[in-house]
Amino acid sequence: MRENYKLTRLYLEVHLSAGAEINLSKSQAHYLVSVLRMADGGTLRVFNGRDGEWRASVSDVSRKSATITIAEQLRPAQKSPDIWLCFAPVRKHRNSFILEKATELGVSALKPVTTARTQFGKMRLDKMHAQIIEAAEQTERLDIPELDDTTTLNQMINSWPENRTLIFADEKGDAAPALEAIQNISGPAALLIGPEGGFEDDERTHLRSQSYVLPVSLGPRILRADTAAISLLTLWQAVQGDWN
Ligand code: SAM
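Predicted model only: the values in this text are computed from it and were never measured.

Next up on the list: the pairing of strand β5 (residues 67–75). Summarising the sheet, strand β2 (residues 21–23) and β5 pair through 3 bridges and their orientation is antiparallel. If you follow Ile22 over to β5, its bridge partner there is Ile68. Across 6 bridges, strand β4 (residues 52–59) lies against β5 in antiparallel orientation. Bridge pairing in β5 places Trp54 opposite Gln73.

A few words on the sheet that holds β5. Reading across from one edge, β1-β3-β4-β5-β2 is the order of the 5 strands in this open sheet, with mixed pairing throughout. With partners counted over all chains shown, the strands left at the sheet margins are β1 (9–11) and β2, one partner each. Averaged over all adjacent pairs, the angle separating strand axes in this sheet is 40°, with direction ignored. Relative to β4, strand β3 (residues 43–48) is paired through 6 bridges, and the arrangement is antiparallel. Across the sheet, Asn48 pairs through a bridge with Gly52, a residue of β4. Running at roughly 170° to β1, helix α1 (residues 26–35) makes contact with β1, β3, β4 and β5 of the sheet.

According to the stated counting rule, one finds 4 aromatic pairs in the structure shown. Seen in terms of ring centroids, Tyr11 and Phe47 are 5.4 Å apart; in terms of plane orientation they differ by 65°. Their pairing is edge-to-face. Here the residue Tyr11 occupies a position in strand β1, and Phe47 occupies one in strand β3, the gap between them amounting to 36 residues. Both residues of the pair, Tyr11 and Phe47, belong to the buried class. An angle of 80° between the planes, with centres 5.4 Å apart, marks the rings of Trp84 and Trp160 as edge-to-face. Here Trp160 lies in the loop between α4 (153–158) and β10 (165–169) and Trp84 lies in strand β6 (residues 83–87), a separation of 76 residues in the sequence. Residue class for Trp84 comes out buried when judged on its relative accessible area of 17%. Using a relative accessible area of 8% as the deciding quantity, one classes Trp160 as buried. In textbook terms, an aromatic cluster arises when at least three aromatic residues are bridged by ring pairs, as seen for Trp84, Trp160 and Tyr212. For Lys111, the ring lying beneath its charged end belongs to Trp84, and the centroid distance is 4.1 Å.

This part takes up helix α2 (residues 92–104). The terminal C-alpha atoms of α2 lie 18 Å apart, and with 13 residues this matches the ideal 18 Å at 1.5 Å per residue to within 8%. Taken as a whole, α2 has its buried residues at Arg94, Asn95, Ile98, Leu99, Ala102 and Thr103. Projection of α2 onto a plane perpendicular to its axis shows the buried side chains occupying an angular sector of 165°, all on one side. Tucked inside the fold, the buried residues of α2 contact β6, β7 (109–114), α3 (125–138) and α7 (225–240).

It is worth spelling out the site of the ligand at this point. Looking at the ligand, there are 20 residues lining it, with Ala169, Glu171, Leu218, Arg221 and Leu223 nearest. Backbone polar atom of Glu196 to an oxygen atom of the ligand: 3.3 Å apart, as the coordinates give it. Arg221 places a polar main-chain atom, nitrogen or oxygen, 2.7 Å from a nitrogen atom of the ligand. Protein coverage of the free-state accessible area of the ligand, which is 580 Å², stands at 84%. Those elements giving two or more residues to the shell around the ligand turn out to be β13 (213–217) and α7.

Taken as a whole, the largest pocket holds about 390 Å³ of empty space. For the largest pocket, the lining is made up of 17 residues, of which Ser80, Thr139, Glu140, Arg141 and Asp242 are closest to its centre. Among the residues forming the lining of the largest pocket, the class breakdown is 4 nonpolar, 5 polar and 8 charged.

Let us now look at the pairing of β7. Where burial is concerned, most of β7 is hidden: 5 out of the 6 residues are buried. Here 4 bridges tie β6 to β7, and the two strands are oriented parallel to one another. Residue pairing in the sheet places Cys86 in a bridge with Lys111 of β7. Following the backbone out of β6, through α2 and into the adjacent parallel β7, one traces a crossover that is right-handed. Examined bridge by bridge, β7 and strand β8 (residues 146–147) share 2 bridges and lie parallel to one another. Note that in β8 the partner of Ala109 across the bridge is Glu146. With α3 bridging β7 and the parallel β8, this β-α-β connection has right-handed handedness. Two strands pair when backbone bridges link them, and β7 and strand β9 (residues 151–152) are joined in this way by 2 bridges, in the parallel orientation.

What counts and how
Once a new chain begins, its residue numbering starts again from 1 and follows that chain's sequence as written. At least 70 in pLDDT is required for a residue's local features to be given in this predicted model, at least 80 for side-chain atom pairs to be given and counted, and no such filter applies to totals for whole chains, interfaces and linings, which use all residues. The side-chain figures draw on all heavy atoms in the structure; neither hydrogens nor water molecules are used. DSSP-based pairing: two strands are paired if at least 2 bridges between them are found. Runs of H or I in DSSP of at least four residues are treated as helices and runs of E of at least two as strands, each being numbered from the N terminus. Every angle, taken between N-to-C directions, lies between 0 and 180 degrees, and every axis is a line fitted to C-alpha atoms, over only the stretch in contact when it is a helix. It only takes one pair of heavy atoms within 4.5 Å for two residues to be counted as in contact. Aromatic pairs are defined between Phe, Tyr and Trp rings, using the six-membered ring for Trp, whenever the two ring centres lie within 6.5 Å; interplanar angles under 30 degrees are classed as stacked, those over 60 as edge-to-face, and all others as tilted. Only protein chains enter the calculation, and the probe is 1.4 Å; a residue is then buried if its accessible area is under 20% of its type maximum, exposed if over 50%, and partly exposed in between. Sitting over a ring, as applied to charges here, requires NZ of Lys or CZ of Arg to be within 6 Å of the ring centre and within 35 degrees of the ring normal. One less than the number of residues in a helix, times 1.5 Å, gives the span that helix is expected to have. The arc in question is formed by the directions pointing from the helix axis toward the C-beta atoms. Nearness of a residue to a molecule or strand requires only that one of the residue's heavy atoms be within 4 Å of it. Polar contacts here mean pairs of N or O atoms no more than 3.5 Å apart (in protein, one a potential hydrogen donor and the other a potential acceptor; neighbouring residues in sequence count only if both atoms are side-chain atoms). Residue exposure ignores everything except the shown protein chains as possible cover, and the areas themselves are Shrake-Rupley values with a 1.4 Å probe. Only protein atoms enter the 1 Å grid, on which a cavity is a set of points fitting a 1.4 Å probe that cannot get out and a pocket is an open set with protein on both sides within 12 Å along at least 5 of 7 lines, lining residues being those with an atom within 4 Å of a point. Grid points are joined across faces, edges and corners, and a volume is the space filled by probe spheres set on the points. Residues are grouped as follows: Ala, Val, Leu, Ile, Met, Phe, Trp, Tyr, Cys and Pro are nonpolar; Asp, Glu, Lys and Arg are charged; every other residue, Gly included, is polar. Handedness rule for crossovers: strands pointing away from the viewer, path from the first strand over the helix to the second running clockwise, crossover right-handed.

Pasting the structure below:
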């Protein structure tokens, strides 16, 4: 049974240690008071990817400020499994879905990649950051995924780390079943999901010519990009990740 899981969680980038007093930013104080309805003397959990999770209490609460006093550590820092999700930005609400669900599913890095048929431009890092923090607070993660700025498919390929397998969800339908392919991978991996219009054939050829690319099929039906992202990440997590 998870200890303290009823206590609100707040992600704080600052260093967390016993006895530390942290003055919250205006937006964090507003969130604590207006959204989480916390009052003076309230108890919560604060966490980040370096220091783990700590019990803390709130004082000097107002809509514009609040002080957090750190008590004891509840859980040591713990990294999520090393799996990247590279995805072509799709329409806004579906992007939000991808960010939230991928964070819940333990992704370690989120990398927006524009392709020939991507109809949506750069994603706003500040909005992405806020969405993944909220998802990490809710899902009891002890870290948050790394967030990359949007790059193009070519930029991604040109700077790809050779030791990392890129599991390429290819809707063309002539790739190996994803489960079989994922079972045979060893070492670091990443997933690549295309845009609503899919990949162009020259992109497909360019990707398949890379030694580290592993094309996979997600079955006979064409999945929406957000469905494909979550399905493939779920599969990877179940086979190679921390669901075992
Ligand atoms: N080109 C398709 C169309 O226009 O209907 C749709 C592409 S699909 C909405 C978006 C992405 O999801 C694809 O580029 C691919 O990465 C992934 N995807 C969807 N269905 C898939 C499948 N059955 N096998 C592998 N990947 C799939």
